[in-house]
Structure formats: C-alpha cells, structure tokens
Amino acid sequence: MVVAAGSGSRLGAAVPKAFVPLAGVPLLGHALRGVLSCAAVSEVVVVAPPAHRGDAETLADEVCRELGSTTRVTVVPGGAERGDSVAAGLGVLGDDVEVVLVHDAARCLTPVAVFDRVVAAVAAGAVAVVPGTAVVDTVKQVDADGLVVATPERASLRAVQTPQGFRREVLERAHAVSSDATDDAGLVERLGERVLVVEGDPRALKVTTPADLESAARLLTTGPPPPG
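Just so it is clear, the model here is predicted, and its values are computed rather than measured.

The rules we used
- Residues numbered from 1 in each chain as written.
- Predicted model: local features only at pLDDT ≥ 70, side-chain atom pairs only at ≥ 80, totals over all residues.
- Heavy atoms only, no water.
- Helix = DSSP H or I, 4+ residues; strand = E, 2+ residues; numbered from the N terminus.
- Buried < 20%, exposed > 50% of the residue type's maximum accessible area, 1.4 Å probe, protein only.
- Contact = heavy atoms within 4.5 Å.
- Areas by Shrake-Rupley, 256 points an atom, 1.4 Å probe, with all protein chains shown as cover.
- Lys, Arg positive; Asp, Glu negative; His and termini not counted.
- Charge placed at Lys NZ, Arg CZ, Asp CG, Glu CD.
- Pairing = 2+ DSSP bridges.
- Axes fitted to C-alpha atoms, helices over the stretch in contact; angles between N-to-C directions.
- Parallel < 35°, antiparallel > 145°, perpendicular 65-115°, else oblique.
- Left-handed = near helix turned anticlockwise from the far one by under 90°.
- Nonpolar A, V, L, I, M, F, W, Y, C, P; charged D, E, K, R; others polar.
- Salt bridge = Lys/Arg side-chain N within 4 Å of Asp/Glu carboxyl O.
- Core = buried A, V, L, I, M, F, W, Y, C linked by side-chain atoms within 4.5 Å.

Chemist: Could you give an account of the overall build of the protein chain, naming the residues involved and the relevant values?
Modeler: Scanning the protein chain from N- to C-terminus turns up seven helices and 12 strands. Evaluated residue by residue, the protein chain yields a buried proportion of 44% over its 228 residues. For the protein chain, the share of sequence-separated contacts (at least 6 apart) that also reach a separation of at least 24 residues comes to 69%. Summed over its atoms, the accessible surface of the protein chain is roughly 11400 Å², and 52% of this surface lies on carbon and sulfur atoms. Both charge centroids of the protein chain, one from 20 positive and one from 28 negative side chains, sit 4 Å from each other.

Chemist: Outline the pairing of strand β11 (residues 164-167), supporting the account with residue identities and numerical values.
Modeler: As judged from the four bridges shared by strand β6 (residues 99-104) and β11, these two strands associate in the antiparallel manner. Bridging across to β11, V99 finds its partner in R167. Two strands pair when backbone bridges link them, and strand β7 (residues 128-134) and β11 are joined in this way by two bridges, in the antiparallel orientation. Residue A128 lies in a different strand from β11, and its bridge partner there is F166.

Chemist: Go over the packing of helix α1 (residues 27-36) against helix α2 (residues 53-67) with me, naming the residues and quoting the values.
Modeler: Between α1 and α2, the shortest axis-to-axis distance is 10 Å and the interhelical angle comes to 45°. When the interaxial angle is binned, α1 and α2 end up oblique. Between α1 and α2 lies a crossing of right-handed hand. For the pair α1 and α2, contact is made by L28, G29, L32, R33 and L36 and by A56, L59, A60, V63, C64, E66 and L67, respectively. For the contact of α1 with α2, the per-class residue count stands at nine nonpolar, one polar and two charged.

Chemist: Please set out the environment of A134 residue by residue, giving values where relevant.
Modeler: With respect to the helices and strands, A134 occurs in strand β7. Apart from the residues within four sequence positions on either side, A134 is in contact with L157 and R158.

Chemist: Tell me what's going on with the pattern of salt bridges, and back it up with residues and numbers.
Modeler: Scanning the entire structure with this criterion turns up 10 salt bridges. Ionic pairing is found between D184 and R82, a salt bridge with its closest N-O pair at 2.8 Å. Of the two residues, D184 is situated in helix α6 (residues 184-190) and R82 in helix α3 (residues 82-90); the sequence distance between them amounts to 102 residues. Note on D184: relative accessible area 1%, which makes it buried.

Chemist: Quick rundown of unusual backbone geometry? Include the residues and the values.
Modeler: Negative phi characterises most residues that are not glycine, and trans characterises most peptide bonds. Residue P163 follows T162 across a cis peptide bond; omega there is 15°. Mapping P163 onto the fold places it in the loop between β10 (158-160) and β11. The residue A23 is not glycine, and still its phi comes out positive at about 55°. Considering the arrangement of structural elements, one finds A23 in the loop between β2 (21-22) and β3 (25-26).

Chemist: Report on the environment of T222, specifying residues and quantitative values.
Modeler: Within the element layout of this structure, T222 appears in helix α7 (residues 210-222). Along the chain, T222 and P16 lie 206 residues apart, while their C-alpha atoms are 27 Å from each other.

Chemist: Pulling in residues and values, what's your account of the nonpolar core?
Modeler: In terms of nonpolar packing, the biggest core is built from 38 residues, with V2, L28, L32, V44 and V46 touching the most fellow members. When residues of this core are traced back to their parent elements, those giving at least two are α1, β4 (43-48), α2, α4 (112-123) and α7. Not counting residues within four places of it along the chain, the set of residues in contact with L32 comprises V2, V44, V46, A60 and V63.

Okay, structure coming up:
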C-alpha cells in the first residue's frame, strides 16, 4: 500500500506532495518504481487525494508500462488523516493477501533492498517489521516547559522509515482499535505485539520540506553519503 494522500503544505507546492516533481517525475512515480520492482509484491493499492485519483491512476499506468509490470494497481481516495487513508487501503486489498507493506510516497527513493529485508523478516515469523537507521544526534526528552527530563541512550534509538510490513490480520486488528498514530507500527505496539527493526537506508529519507526535496535530488545524482 502506497500512502500518497498528504497535502504537503510544508513543501509550499501548488499540488499535493505525491505529485510534486523530482527530476521531472512526481514523487509518487518514483515511489511506485521501487514498489513495483520488489518481486514479492503481488498487488499495489495507492491511496491518493480524492481530487487527484485520476492523476494517480494515469501515473500508475505509466510506471507499469515503463517497468513492463503486470502487477495490479488499484487507486482509492484517502481520508482526512493518515490512519484513515491506511484503513481505506486495507479495505480494498485482495482476500488472498496475507502480508501488507505500508509505504509512504514521500519516501520515494527507498531502495528495493529495504522492501526485500522487510518482506523476508515477516516471512521468517515476525508479525510487524519496520526499517530503521541509527540515530547520530544526542536526543533529549523535554517536558511542556522545554526542560530536559531524560537523555535516552543513543545506541538504543532508531529513526524509523517505510515500508513497514505486517501480518494482515495484525494490522487490521490494530486499525479496528484506533487509526490514530504517526505510523502503523505504533498502532500494533498498542496491541502488545512485538515490532522488529531491520536495517533501513539513508535513501529512504522523507520528503517534507523544500530542503528535503533538494536532498532527494542530490541522492538521485550522487547516491547516499558514506557511513560514519
């Protein structure tokens, strides 16, 4: 499932975020290239802004032709919040789908290898899997007055990305309780289920601001920075 219904107000663009161009191709187009290049993906649901459903369908057709993909792509209108959009996407998945990947169109350059790692971990028995990268900055937890109340151990922290992978019944059960969270793994955690973190990738950055868009453009031409 590709979640692409966000307005992208912080990008300051005249179109929703998923349709902002990156090197001449909408972010959603780049995201679909990655999704459709994953051999394990059997069908794709794109959750798009209601007014741009037709644009998303046209773009999906173009990417499928470009890749020679015969994977079925369905486009549905999204909801007011991200959780509503994911719930809408879940509602149209085929009955035979047992593993669901939820991917943000804004993480449009996520390498196929990340998809493969998430799928492999769910296939190996995990009910919920997220990719993540080590946090390099020291992080402070603060209270409502801005005063530091804790300094979490940096070695135990991960910056979480997408796609996030789930056993379908677990994800549906989580959304049946509540769809209010910044990511689907958070909903699953509330059920008491364990969430496994696998290695993410710097190229899976989330495009939110104009500076992020510039960073993504650089990644397309130079690749990710060396580790360390």
